[in-house]
Amino acid sequence: MQKLPIGIQSFQNIRDNDYLYVDKTPYIAQLLNGRVYFLSRPRRFGKSLFLSTLAAYFRGQKELFKGLYLEKAEEELARQEKREPWQVYPVLYLDLNTENYRDEKDLENILNTHLTTWETLYGRNDVAQTLSSRFKGVIERAYQKEKKQIVVLVDEYDKPLYESLENEELNTVYRGILKGFYSVIKSLDDCIRFAFLTGITKFSKVSVFSGLNNLEDISLRSNYAAICGITEQELKTNFAPYIEALGKELGQSQEETLAVLRRQYDGYLFAASGENVYNPFSLLNALKAKVIEAYWFATGT
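These numbers come from a predicted model, not from an experiment. (Residues numbered from 1 in each chain as written. Predicted model: local features only at pLDDT ≥ 70, side-chain atom pairs only at ≥ 80, totals over all residues. Heavy atoms only, no water.)

Trainee: Could you give an account of the pairing of strand E4 (residues 192–199), naming the residues involved and the relevant values?
Mentor: Burial runs high along E4: eight of the eight residues are buried. Pairing between strand E1 (residues 36–40) and E4: five bridges, direction parallel. By the bridge assignment for E4, Phe-38 is matched with Leu-197. Where strand E3 (residues 150–155) meets E4, five bridges bridge the pair, whose relative direction is parallel. Looking across to E4, one finds that Val-154 is bridged to Leu-197. (Buried < 20%, exposed > 50% of the residue type's maximum accessible area, 1.4 Å probe, protein only. Helix = DSSP H or I, 4+ residues; strand = E, 2+ residues; numbered from the N terminus. Pairing = 2+ DSSP bridges.)

Trainee: Tell me about the sheet that holds E1, and please be specific about residues and values.
Mentor: In space, the five strands of this open sheet follow the order E2-E3-E4-E1-E5, with parallel pairing throughout. Single-partner strands in this sheet number two, and they are strand E2 (91–95) and strand E5 (216–217). Here E1 runs beside E5; their pairing, made up of two bridges, is parallel. Looking at E5, one finds that Tyr-37 is bridged to Glu-216. Across the face of the sheet, helix H6 (residues 131–146) comes into contact with E2, E3 and E4 while running at roughly 145° to E3. (Contact = heavy atoms within 4.5 Å. Axes fitted to C-alpha atoms, helices over the stretch in contact; angles between N-to-C directions.)

Trainee: Help me get a handle on the layout of surface pockets, residues and values and all.
Mentor: Here the largest pocket defines a volume of roughly 970 Å³. The wall of the largest pocket is formed by 36 residues, among which Gln-9, Arg-43, Arg-44, Phe-45 and Gly-46 lie closest to the centre. When contributions to the lining of the largest pocket are tallied by element, the ones reaching two or more residues are helix H3 (47–58), helix H7 (159–163) and helix H13 (280–289). In terms of residue count, the dominant contributor to the lining of the largest pocket is H3 (five residues). Tallied by class, residues from the lining of the largest pocket come to 19 nonpolar, ten polar and seven charged. (1 Å grid on protein atoms, 1.4 Å probe; cavity = no way out; pocket = protein on both sides within 12 Å on 5 of 7 lines; lining within 4 Å. Points joined across faces, edges and corners; volume = space filled by probe spheres on them. Nonpolar A, V, L, I, M, F, W, Y, C, P; charged D, E, K, R; others polar.)

Here is the structure:
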């Protein structure tokens, strides 16, 4: 029985340390046909892990995909597109998870931290003073230096907005900053190979992304319904030993145990004609602890 990756959001960590991984790489093959995407899912549903998997793919970390769908699919895609497989792109990964966002400086600080890191790699133009102009300069210089288009990945684009909902003035300031920052992705379309933004909410989508009109929202698309979460087939295929162990603890058969798990953790549906999924955080905790509880609900406020 492989270790269960509870709370682990790093694809490389999971693969390097032999944690159980439910193969979501077929979705990466689907996404490569487009360029700029947005995905909304509840917290602790696997958004960060999927973004980490995208980062590994675009960094050409072929060894991490051994035995997964994309290992062979990438070779076939490369042949069809007449290119080398596992091409390496510059990846700009913006993670907005790590601040509390209580005042204007919190958002400025986290954006400045990421920009400073990127500017160390690709240089800085001192004329650019605003956050959005610095972001624009980073992408342009990375494109010129690497002679390749850039990949932009944004984790929890909306955390500053939902953290500041009770402070209307601060929320308005955050909207203005993020609108200018994200609009850079549209303005530098020629320099960007791929962009993927994730978040919990869609309430601010129109105002924040109004300058990003090439964005493709896949949140409620049937062919992406199971991009995060665990389907019943994935549960049966990947977690059989854990289901058996839980059944012994509960004194139930496999079918009875599956029925308990289905009743407690299934029922999330992100497209009318799409496949429903189990909550991954609750499911993994229940299988590890061998106790049926409301794990996901207990993490909320």
